[in-house]
Amino acid sequence: MPERAGPAQAPCERRSGATAPEHLETPLPPTDFLACLPEDSTLSDDLPIRYIEPVYRPPSEADSLILPVTDGCSWSKCSFCEMYSPPQKRFRARGEAEVLEGIRRCGARLGDSARRVFLADGDALVLPTRRLMVYLEAIRRHLPAVRRVSSYCLARNLGRKSVDELRALRDAGLERVYLGAESGDDSVLARVNKGETFASTQAALDKLGAAGIRRSVMILNGLGGEALSQPHAENSARLINATQPEYLSTLVVMLADGGARFREQWPDWRALSQAGLLAEMETFLAALELRRTIFRADHASNWLVLKGTLGADKARLLHQVRTAIARPETAALRPAWMRGL
């Protein structure tokens, strides 16, 4: 799961003939920066950026400048996710003038100290290619020391973008995309209202790969519960084998507020025990056949921290998991009180 970000983190086309959804056609506000902002907006104390709390970003973006280009998530229907459910996180695209002036002012404030930029919120790639290109070109102009721009992405939104468009975004600086596949099992995906299938996720990851954009894929350990643990693990591994992403991470599903919304859609779901989660991880790792994928299971939600490169470290990682299953008292498992978001 993503981590909550501090509000001021910094390293110290639409296609021709297509019509964008109405919420993406935000009128351009006036050029005065403060006039660009909605009423009652406040800026970060450290940066000229308007943040709407809570702000999330991947753990590996801890040193990145968080630059919101949208608010919320354009799907926001996954039953396991409460990240963008607060009313203030209702989805909308930010005005182009606001974003561009924020980039300009960040450049003036940060100079060459910003090396990475993360485009927030939940799926920046829902924006038209033309608008994303404008933002990437502004980052290159005003923050010339930036070497990596990244964002979250929903698989569904890549259906509107061609490989050539994605390649243009890569050439303009979009180096990495984080895609929450969650599962490769269609039954699990349907029950949690992900809005995706094995096929749609594979198509999106293949398109990103063809464009040369590095892909970081997330799988949720335990999402299938007791009933669907086996197909969840096996089909998730099948998805990863088919797409060979550059990065792979696993996180343990943790339901906020007792998972009321989740259980409305899946009332007979039963969470896996610690032993069940480890057994599912063993099944998943054993089925992976990867050439060179950096693997991490080190998020705070994980009981057992695993790090390596697959397939070179597959045997070692499997040995760690099997040792934890056979002799949990000797394994370096996180205490329950240390697990969280």
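For the structure itself, consult the block above.
Structure report, in brief. Values in this document were obtained by computation on a predicted structure and should not be read as measured data. (Residues numbered from 1 in each chain as written. Predicted model: local features only at pLDDT ≥ 70, side-chain atom pairs only at ≥ 80, totals over all residues. Heavy atoms only, no water.)

What follows covers the sheet that holds strand β10 (residues 247-252). Backbone hydrogen bonds are what pair the strands of a sheet, in a parallel or an antiparallel way. Pairing in this open sheet of 8 strands is mixed, and the strands run β3-β6-β7-β8-β9-β10-β11-β12 from one edge to the other. Among the strands making up the open sheet, the edge pair consists of β3 (65-68) and β12 (306-310). Geometrically, the sheet is characterised by an average inter-axis angle of 20 degrees between neighbouring strands, direction not taken into account. Across 4 bridges, strand β6 (residues 116-120) lies against strand β7 (residues 148-153) in parallel orientation. By the bridge assignment, F118 is partnered in β7 with S150. (Pairing = 2+ DSSP bridges. Helix = DSSP H or I, 4+ residues; strand = E, 2+ residues; numbered from the N terminus. Axes fitted to C-alpha atoms, helices over the stretch in contact; angles between N-to-C directions.)

Scanning the model with the defined rule gives 21 salt bridges in all. Here the salt bridges do not stand alone but share partners, grouping R50, D71, R94 and E98 into one network. (Salt bridge = Lys/Arg side-chain N within 4 Å of Asp/Glu carboxyl O.)

Of the voids in this model, the largest cavity is the one considered here, and its volume is about 90 Å³. Lining the largest cavity, in full, are N221, V252, Q274, L277, L278, M281, N302, W303, L304, L306 and V321. In terms of residues, the lining of the largest cavity owes the most to one element, helix α9 (residues 274-287), which gives 4 residues. (1 Å grid on protein atoms, 1.4 Å probe; cavity = no way out; pocket = protein on both sides within 12 Å on 5 of 7 lines; lining within 4 Å. Points joined across faces, edges and corners; volume = space filled by probe spheres on them.)

All chains considered together, the criterion is met by 6 aromatic pairs. Judged by centre distance (5.1 Å) and plane angle (85 degrees), the rings of F118 and Y152 are edge-to-face. Remark: Y152 occurs in strand β7 and F118 occurs in strand β6; sequence separation between them is 34 residues. Across the pair, Y152 and F118 agree in class, each one buried. In this structure an aromatic cluster arises from ring pairing among F118, Y152 and Y178. Over the ring of W75 we find K77; its NZ or CZ atom is 4.7 Å from the centre of that ring. Across from the ring centre of F198, 4.0 Å away, lies the NZ or CZ of R238, which sits over that ring. (Phe/Tyr/Trp six-rings, centres within 6.5 Å; stacked < 30°, edge-to-face > 60°. Buried < 20%, exposed > 50% of the residue type's maximum accessible area, 1.4 Å probe, protein only. Lys NZ or Arg CZ within 6 Å of the ring centre and 35° of its normal.)

This part covers the layout of surface pockets. Space inside the second largest pocket adds up to approximately 340 Å³. Broken down by secondary-structure element, the contributors of at least two residues to the lining of the second largest pocket are β8 (174-182), β9 (214-221), β10 and β11 (293-297). Looking at the lining of the second largest pocket, the element that brings in the most residues is β10, giving 5 residues. Per-class residue counts for the lining of the second largest pocket are 9 nonpolar, 5 polar and 3 charged. (Nonpolar A, V, L, I, M, F, W, Y, C, P; charged D, E, K, R; others polar.)

Here we come to helix α4 (residues 163-171). Among the residues making up α4, those that are buried are E165, L166 and L169. The buried side chains of α4 occupy one side of the element, clustering within an arc of 95 degrees when seen end-on. In this structure, the buried side of α4 is in contact with α3 (129-142), β8 and α6 (198-211). Remark: G173 follows α4 within two positions and exhibits a positive phi of approximately 130 degrees. (Arc of directions from axis to C-beta. Contact = heavy atoms within 4.5 Å.)

In this section: the pairing of β6. Within β6, 4 of the 5 residues are buried, leaving the element largely enclosed by the surrounding structure. As defined by bridge partners, β3 adjoins β6 across 4 bridges and the pair is classed as parallel. Across the sheet, L67 pairs through a bridge with L119, a residue of β6. Of the crossover connections in this fold, the one passing from β6 over α3 to the parallel β7 is right-handed. (Right-handed = clockwise from strand over helix to strand, strands pointing away.)

Time to look at the pairing of β10. In terms of residue burial, β10 counts as a mostly covered element, since 6 of its 6 residues are buried. Of the two faces of β10, the one holding Y247, S249 and L251 and the one holding L248, T250 and V252 are both buried throughout. Across 6 bridges, the pairing between β9 and β10 is parallel. Bridge pairing in β10 places M218 opposite S249.

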